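Commentary on secondary and tertiary structure
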Amino acid sequence: MKAARGRRKAEGGRQKSQARMRRAGTSSFKGAHVLVVGDAMLDRYWFGDVERISPEAPVPIVKIGREEERAGGAANVARNAAALGARVILLSVVGADEPGARLESLLKRERVEPKLHHDRGVKTTVKLRVIAGRNQQLLRVDFEKAPGHEVLASKLRDFENLLGEVDSVILSDYGKGGLTHIVRMIALARRAGKPVLVDPKGTDYSRYRGATLITPNRSEFSEVAGAWTNERDLDARAQQLRRRLDAKALLVTRGAEGMTLFQATGRVHVPTRAREISDVSGAGDTVIATLAVALACGVRMHDAVRLANRAAGIVVGKFGTAVVTPKELFGG
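Residues numbered from 1 in each chain as written. Predicted model: local features only at pLDDT ≥ 70, side-chain atom pairs only at ≥ 80, totals over all residues. Heavy atoms only, no water.

1. As for the overall build of the protein
Threshold: A run of DSSP states H or I qualifies as a helix once it reaches four residues; a run of E qualifies as a strand once it reaches two. Both are numbered from the N-terminal end. Should any heavy atoms of two residues lie within 4.5 Å, those residues are considered in contact. Computed by Shrake-Rupley with a 1.4 Å probe, the accessible areas treat only the displayed protein chains as cover when residues are assessed.
Of regular secondary structure, the protein possesses ten helices and 13 strands. The long-range fraction of contacts in the protein, counting pairs at least 24 apart against all pairs at least 6 apart in sequence, stands at 67%. A total accessible area of about 15800 Å² is found for the protein, and carbon and sulfur atoms account for 49% of it.

Quick look at the structure:
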């Protein structure tokens, strides 16, 4: 009898969560308010055709015919959340330079509220990609320099002040130095009762302790927890890491295998929904943005993961860092 009541309660919870998810889709997530913090960068694309090989060295000569610029890194996370209809604030550090100004302009155009600290001691991180033929990447050139500690301390004060305005927090770590104070940020968000989602980088996950949800991809997870031999081994390693980090949940994104959510109550695996893969760059940004917006609307964790998986399947069919719209995600 108790078991039957438990099943009815669980089913009722699922129905309520699904109803919240439908309402969120209908309203395009407009009630959500998300704070994104991390390493923002500018993605530049030069498109052209290879006409001949250089006489100076055995390398192709690309005649550039078109240029594009897109917000990248944490800025791409922010634009993904905004594309779903959420109100989004991006807190980051950029250089006092032309790419920094250009990034700010792009963010405003995509309805992201940029709170950017301009540091004259750094250069805005720029990733320049040279593309030829049928979207074939020939070369990527990175320009970057870590921000100073003084400007990062100022960002921490702004973070604390903004917590009262938002429903969820994303900490997007690209390893560029913008999240030096991430331990303090997680503690502040947790104290404020805000779900805090972390897209991790590197092997020192102790700095993410206390996060609500951590979202490593397959490669990142194996670097920290070791390679697994089967699904039972994966479960054991993931749950051990989740408990060690005092995280409510751990989501391992597994590429073509989909993604697996680990919580204290067990695991939920969602198979991939990709139709045709064009470019996987930025897919992790889409996943964590969708999760944060859904959780901000009250969607249950496992349902938010299903939405994020659907969004990832859509975005990998697009070239470069891209976004998913509510119409694409929910249909209609």
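Structure shown, so let's carry the discussion forward.
2. Observations regarding the sheet that holds strand β7 (residues 136-143)
Stated formally: In this analysis, strands are considered paired if DSSP registers two or more bridges between them. Only the contacting stretch of a helix is used when fitting its axis, a line to C-alpha atoms as for every element, and angles between N-to-C directions run 0 to 180 degrees.
Spatially, β3-β2-β6-β7 is the arrangement adopted by the four strands of the open sheet, whose pairing is mixed. Taken across any chain shown, the strands that pair with only one partner, and hence form the sheet edges, are β3 (60-73) and β7. Direction aside, the axes of adjacent strands within the sheet are offset by 20 degrees on average. Two strands pair when backbone bridges link them, and strand β2 (residues 40-53) and β3 are joined in this way by 13 bridges, in the antiparallel orientation. Bridging from a neighbouring strand, M41 pairs with G72 of β3.

3. Overview of a nonpolar patch on the surface
Where we set the bar: For patch building, the residue pool is restricted to those with more than 30% relative accessible area and no salt bridge; the joining distance is 9 Å between like charges and 5 Å between nonpolar side chains (Val, Leu, Ile, Met, Phe, Trp, Tyr). Think of a salt bridge as a Lys or Arg side-chain nitrogen and an Asp or Glu carboxyl oxygen that are within 4 Å of each other. Only protein chains enter the calculation, and the probe is 1.4 Å; a residue is then buried if its accessible area is under 20% of its type maximum, exposed if over 50%, and partly exposed in between.
On the surface, V50, L138 and L139 cluster together to form a nonpolar patch covering roughly 230 Å² of accessible area. With respect to the helices and strands, the residue V50 is situated in strand β2. With a relative accessible area of 41%, V50 lands in the partly exposed category.

4. A short note on the nonpolar core
For the record, the criterion: Residues grouped as a nonpolar core are buried Ala, Val, Leu, Ile, Met, Phe, Trp, Tyr and Cys residues, joined through side-chain atoms within 4.5 Å.
Within the largest apolar cluster, 56 residues are counted, with the highest numbers of intra-cluster contacts made by V36, L90 and L291. Counting 34 residues, the second largest nonpolar core, distinct from the first, contains L156, M185, A247 and L250.

5. Focus on unusual backbone geometry
For R111, which is not glycine, the phi torsion reads 65 degrees and is therefore positive. With respect to the secondary-structure elements, R111 resides in the loop between α3 (98-109) and β5 (112-119). Notably, D246 is not glycine yet its phi reads approximately 55 degrees, a positive angle. The residue D246 is located in the loop between α7 (231-244) and β11 (249-253) in this model.

6. Describing the sheet that holds strand β13 (residues 266-270)
Taken in spatial order, the nine strands of this open sheet run β5-β4-β1-β8-β9-β10-β11-β12-β13, and their pairing is mixed. Edge positions in the open sheet fall to β5 and β13, since each of these has one partner strand only. Relative to strand β9 (residues 196-199), strand β8 (residues 168-172) runs parallel, the two sharing four bridges. If you follow L171 over to β9, its bridge partner there is V198.

7. Notes on the pattern of salt bridges
Proximity of charged atoms lets side chains of opposite charge pair with each other. Counting across every chain of the model gives 20 salt bridges. The residue R190 makes a salt bridge to D246 at a minimum N-O spacing of 2.9 Å. Of this pair, R190 sits in helix α5 (residues 182-191) while D246 sits in the loop between α7 and β11, placing them 56 residues apart in sequence. Owing to a relative accessible area of 46%, R190 belongs among the partly exposed residues under this scheme. We classify D246 as partly exposed; its relative accessible area is 35%. In this structure, a network of salt bridges that share partners links the residues R218, E231, D235, R254, E257 and R267.

8. Topic: the pairing of β13
Note that strand β12 (residues 259-263) and β13 share five bridges and pair antiparallel. Counterpart to M259 in the pairing with β13 is V270.

9. Considerations on the packing of helix α2 (residues 74-83) against helix α8 (residues 283-296)
Here is the rule we go by: If an angle is under 35 degrees, it is roughly parallel; if it is over 145, roughly antiparallel; if it lies from 65 to 115, roughly perpendicular; otherwise it is oblique. Take the far helix as the reference: if the near one is turned anticlockwise from it by less than a right angle, the crossing is left-handed, and if turned clockwise, right-handed. Three classes are used: nonpolar for Ala, Val, Leu, Ile, Met, Phe, Trp, Tyr, Cys and Pro, charged for Asp, Glu, Lys and Arg, and polar for all others, with Gly counted as polar.
Running from N to C, α2 and α8 point in directions that differ by 50 degrees, and their axes come no closer than 8 Å. On the basis of their axis angle, the class for α2 and α8 is oblique. Two packed elements cross with a definite hand, and for α2 against α8 that hand is right-handed. Residue-level inspection shows N76, V77, N80 and A81 of α2 in contact with α8, the latter providing D285, T286, I288, A289 and V293. Across the contact of α2 with α8, the residue classes tally to five nonpolar, three polar and one charged.

10. Examining the confidence of the model for the protein
This is how the line gets drawn: Per-residue confidence from the predictor is reported as pLDDT, a score between 0 and 100.
When the pLDDT values of the protein are averaged, the result is 88; 89% of them are 70 or greater. Here helix α1 (residues 2-26) stands out as the least confident element of the protein, with mean pLDDT 52; strand β10 (residues 213-214) is the most confident, with 98.

11. Let's talk about the packing of aromatic side chains
As a reminder, the rule being used: Only centres within 6.5 Å qualify two rings of Phe, Tyr or Trp (six-membered ring in Trp) as a pair; their planes then separate them into stacked at under 30 degrees, edge-to-face at over 60, and tilted for everything else. We call a charge positioned over a ring when the NZ of a Lys or the CZ of an Arg lies within 6 Å of the ring centre and within 35 degrees of the ring normal.
Here the structure, examined in full by the defined rule, presents four aromatic pairs. A ring pair is formed by Y45 and F47, whose centres lie 6.2 Å apart and whose planes are at 20 degrees; its orientation type is stacked. Here Y45 and F47 have matching classes, each one buried. Aromatic side chains Y205 and Y208 sit 5.3 Å apart centroid to centroid with 65 degrees between the ring planes, which places their arrangement in the edge-to-face category. Since its relative accessible area comes to 2%, Y205 is described here as buried. When its relative accessible area of 0% is taken as the criterion, Y208 is described as buried. Sitting above the plane of the F47 ring, R66 keeps its charged end 4.0 Å from the centroid. The side chain of R70 reaches across the aromatic face of Y45, ending 5.0 Å from its centre.

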